[in-house]
Amino acid sequence: MKGFRASLLRFVAGDELERIDDALVVVDRGLIVDAGDHGALARRHPGVEIVDWRGLLIAPGFIDTHVHFAQVDAIASLADGLLQWLERCTFPQEARFGDPEHACVVADFFLDELARNGVTSAMVWCTSHLASTEAFFAASARRGLRMIAGKCLMDRNSPATVCDDTERGLAQTEALIGRWHGRDRLGYAITPRFAPACSERQLRGVAELARAREDVWLQSHLAETREEVAWVARLFPGSRSYLDVYDRLGLLRPRSVYAHCIHLDDADRVRMRESGASAAVCPNSNLFLGSGLFDFAAAARTRISWALASDVGAGPSLSPFRTMLAAYEVARLAGVSLTPGLLWHRHTLGAARALDLADRIGNVAAGMEADFVALDPRATALLARRSASAASLDELLFAMIVLGDDRVVRHTVIAGEAAVRVG
Ligand SMILES: [Zn+2]
């Protein structure tokens, strides 16, 4: 048993954030057994070994609901929008992941970077190659991480180097579910790339698998750019909308997460809410590719479930701070001001809820898995200066959102063990 002493940021009833100035987080065998005021907890747990992190702020580990591990080398690549970016920057990188050695090296680099940025769980895309998926799960298992991932399914309109055979892709998906889903803290996501890259036969196979295994996740892309939406309308002339393509096949359900969800109408949004599907909102990626702006007002009005995501490599950063800031800025362009608490929530507990994991991750509370971060509100000179004058918790959180990056993350704790120590 071990106790981490620091300030504590945690969610309490009604998804409100509260700060305890001098707190203790007691962990044992990967779980948080107690968290709260230091004075009371030190009496309740005498003799516990103390890790003294006073001056830092312990907070829930961040959760990235949409990220492509095989695109770390496609990051910061010039392109004229999504479809050209896929063609010229992404697919050539993904094509390298048939090589198990390359896949292992990149998986380890990617997981190091997640830890450095305070991301403790993610919903991850592997490539269409079996080797990429095996490498990612094996690397996550070695680190004891809670990760969801899946092998990408794409059997048309893609270069031969990444295009997959319809039946083989489905068979491999089934085998991967058997091998990795529920093993340690790993979960499988059935991963059709997006409607234009998947034949109807493949999508029907996905639907069959998804129906048979409600405990398995499902992830895809939806309505990212207007050009893509027009393409889907040509490929599926019988469907009312892009979302309707997935809906008719039965692919909208709890534990399904669709990235982007920009060019939707309210009928689509209502269907998303009714179905229990969630949107992974990727504002940095959307700005980078010029795809469009997620409509936060419409999301609130129609009460769809959404959470934040980096979408690396189209997203230019793995830092949750950069993503939260981009979300704030995108909402401002539509006259909406997202509160610091809401932004933080949608990258932690709200993201856990979108993944149907809120009983295990997303908060620092008794019974939760011990995945958390220790943040330094004085990590840079400017942040230290601005934090010192913060008159409320909201002001402090906003200063970290606007001025923060990986330098703010001093420690990342995975299952009670410090995964990274910076500085
Ligand atoms: Zn993506």
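Residues numbered from 1 in each chain as written. Predicted model: local features only at pLDDT ≥ 70, side-chain atom pairs only at ≥ 80, totals over all residues. Heavy atoms only, no water.

S.K.: In this structure, what is going on with the coordination of the zinc ion? I would like to understand it.
M.R.: Four donors placed tetrahedrally around a metal ideally meet at 109.5 degrees, and six donors placed octahedrally ideally meet at 90 or 180 degrees. Donor atoms from the polypeptide that coordinate the zinc ion comprise His-66 (NE2), His-68 (NE2), His-221 (NE2) and Asp-311 (OD), at 2.1 to 2.5 Å from the metal. Of note is the zinc ion, whose 4 donor atoms meet at the metal with angles of 88 to 167° in an arrangement that counts as irregular. All donors to the zinc ion come from one chain, and their sequence spacing reads H-x1-H-x152-H-x89-D. A residue pair is termed long-range when its members are at least 10 positions apart, and His-66 in strand S5 (residues 62-68) and Asp-311 in the loop between strand S13 (305-308) and helix H12 (320-333) qualify at 245 residues. Judged by its relative accessible area of 3%, Asp-311 is buried. (Donors = N, O, S within 2.8 Å, 3.2 Å for Na, K, Ca; no water. Tetrahedral: all angles 85-135°; square planar, octahedral: opposite > 155°, others 65-115°. Helix = DSSP H or I, 4+ residues; strand = E, 2+ residues; numbered from the N terminus. Buried < 20%, exposed > 50% of the residue type's maximum accessible area, 1.4 Å probe, protein only.)

S.K.: Would you explain empty space enclosed by the protein in this entry?
M.R.: A water-sized probe rolled over the atoms picks out the places where empty space is left. Evaluation of the coordinates by the stated rule reveals 2 cavities of 30 Å³ or more. Considered as a void within the structure, the largest cavity measures approximately 120 Å³ in volume. In terms of lining, the largest cavity is formed by His-68, Gln-71, Leu-82, Trp-85, Leu-86, Arg-193, Phe-194, His-221, Glu-224, His-260, Asp-311 and Ala-314. Per-element accounting of the lining of the largest cavity gives the leading share, 3 residues, to helix H2 (residues 82-94). A per-class count over the lining of the largest cavity returns 5 nonpolar, 4 polar and 3 charged. Each pocket or cavity is described by its volume, and for the second largest cavity that value is around 40 Å³. (1 Å grid on protein atoms, 1.4 Å probe; cavity = no way out; pocket = protein on both sides within 12 Å on 5 of 7 lines; lining within 4 Å. Points joined across faces, edges and corners; volume = space filled by probe spheres on them. Nonpolar A, V, L, I, M, F, W, Y, C, P; charged D, E, K, R; others polar.)

S.K.: Where do I start with the packing of helix H4 (residues 130-142) against helix H5 (residues 166-180) in this structure?
M.R.: Taken N-terminus to C-terminus, the directions of H4 and H5 make an angle of 10°; their axes are 12 Å apart at the nearest point. Accordingly, the angle class assigned to the pair H4 and H5 is roughly parallel. Contacts between H4 and H5 involve Leu-130, Thr-133, Glu-134, Phe-137, Ala-138 and Ala-141 from the former and Gln-172, Leu-176, Arg-179 and Trp-180 from the latter. Taken together, the residues of the contact of H4 with H5 break down into 6 nonpolar, 2 polar and 2 charged. (Axes fitted to C-alpha atoms, helices over the stretch in contact; angles between N-to-C directions. Parallel < 35°, antiparallel > 145°, perpendicular 65-115°, else oblique. Contact = heavy atoms within 4.5 Å.)

S.K.: What should I look at first to understand the side chain of Lys-2 in this one?
M.R.: Relative to the elements of secondary structure, Lys-2 occurs in strand S1 (residues 2-12). Reaching out from Lys-2, the side chain makes a polar contact with the backbone oxygen of Gly-416 at a distance of 3.4 Å. Discounting residues that sit within four places of it in the chain, Lys-2 has contacts with Val-25, Val-26, Val-27, Val-48, Glu-49, Val-51, Gly-416 and Glu-417. (Polar contact = N/O pair within 3.5 Å; in protein donor to acceptor, adjacent residues only side chain to side chain.)

S.K.: Teacher, can you tell me more about the nonpolar core here?
M.R.: Most often, soluble globular proteins keep nonpolar side chains buried together rather than apart. In this structure, Phe-110, Leu-222, Trp-344, Leu-375 and Met-400 are the most contacted members of the largest nonpolar core, which totals 108 residues. If near-sequence neighbours (up to four positions away) are discounted, Leu-375 is found in contact with Leu-56, Leu-57, Ala-59, Phe-321, Trp-344, Met-400, Val-408 and Val-409. Within the second largest apolar cluster, 19 residues are counted, among which are Leu-8, Ala-23, Ile-58 and Ala-370. (Core = buried A, V, L, I, M, F, W, Y, C linked by side-chain atoms within 4.5 Å.)

S.K.: Any chance you could explain the pattern of salt bridges here in plain terms?
M.R.: For side chains bearing opposite charge, pairing can occur when the charged atoms are close. Enumeration according to the criterion identifies 34 salt bridges in this entry. One salt bridge connects Asp-244 with Arg-248, and the closest N-O pair in it is separated by 2.8 Å. Placement of the pair is Asp-244 and Arg-248 together in helix H8 (residues 242-248), with a separation of 4 residues, close to one helical turn. You can call Arg-248 exposed: its relative accessible area is 56%. Between Arg-301 and Asp-266 there is a salt bridge; the shortest N-O distance is 2.8 Å. One end of the pair, Arg-301, is in helix H11 (residues 296-302); the other, Asp-266, is in helix H9 (residues 266-275), with 35 residues separating them in the sequence. On the basis of relative accessibility, which here comes to 29%, the residue Asp-266 falls in the partly exposed class. (Salt bridge = Lys/Arg side-chain N within 4 Å of Asp/Glu carboxyl O.)

S.K.: Can you walk me through the environment of Gly-367 in this structure?
M.R.: Within the secondary structure, Gly-367 sits in the loop between helix H14 (349-354) and strand S14 (372-375). The exposure class assigned to Gly-367 is partly exposed, which follows from its relative accessible area of 49%. With 335 residues separating them along the chain, Gly-367 and Ile-32 place their C-alpha atoms 5.5 Å apart. If near-sequence neighbours (up to four positions away) are discounted, Gly-367 is found in contact with Leu-31 and Ile-32.

S.K.: How should I be thinking about the layout of surface pockets in this particular structure?
M.R.: In this structure, the largest pocket spans a volume of roughly 270 Å³. Listed by contribution, the elements that provide at least two residues to the lining of the largest pocket are H11, S13, helix H13 (340-345) and H14. Sorting elements by how many residues they give to the lining of the largest pocket places H11 first, with 4 residues. Counted by class, the lining of the largest pocket contains 10 nonpolar, 3 polar and 4 charged residues.

S.K.: Before we go on, may I ask you to explain the packing of aromatic side chains in this structure?
M.R.: To describe a pair of aromatic rings, you give the distance between the ring centres and the angle between the ring planes. This structure, assessed with the given rule, holds 19 aromatic pairs. Members of the aromatic cluster, joined through ring pairs, are Phe-69, Phe-97, Phe-110, Phe-136, Phe-137, Trp-180 and Tyr-188. The cationic tip of Arg-255 hangs over the ring face of Trp-217; the distance from NZ or CZ to the ring centre is 4.0 Å. (Phe/Tyr/Trp six-rings, centres within 6.5 Å; stacked < 30°, edge-to-face > 60°. Lys NZ or Arg CZ within 6 Å of the ring centre and 35° of its normal.)

S.K.: I keep staring at the environment of Thr-166 and nothing clicks. Help me out?
M.R.: Relative to the elements of secondary structure, Thr-166 occurs in helix H5. Classification of Thr-166 as buried rests on a relative accessible area of 19%. Taking C-alpha positions, Thr-166 is 8.8 Å from Gly-205, a pair spaced 39 residues apart along the chain. In this structure Thr-166 touches Asp-155, Ser-199, Arg-201 and Gln-202, once residues within four positions along its chain are discounted. In terms of polar contacts, Thr-166 uses its side chain to reach the side chain of Asp-155, at 2.6 Å.

S.K.: Which parts of the structure should I look at to understand the packing of helix H15 (residues 381-388) against helix H16 (residues 393-403)?
M.R.: The description of two helices packed together rests on the angle between their axes and the distance between the axes. At a minimum axis separation of 9 Å, H15 and H16 run at an interaxial angle of 165°. Classified by the interaxial angle, the pair formed by H15 and H16 is roughly antiparallel. Relative to H16, H15 is oriented so that their crossing is right-handed. Along its contact with H15, which presents Leu-382, Leu-383, Arg-386 and Ser-387, the element H16 presents Glu-395, Leu-396, Ala-399, Met-400 and Leu-403. Grouping the amino acids of the contact of H15 with H16 by side-chain chemistry returns 6 nonpolar, 1 polar and 2 charged. (Left-handed = near helix turned anticlockwise from the far one by under 90°.)

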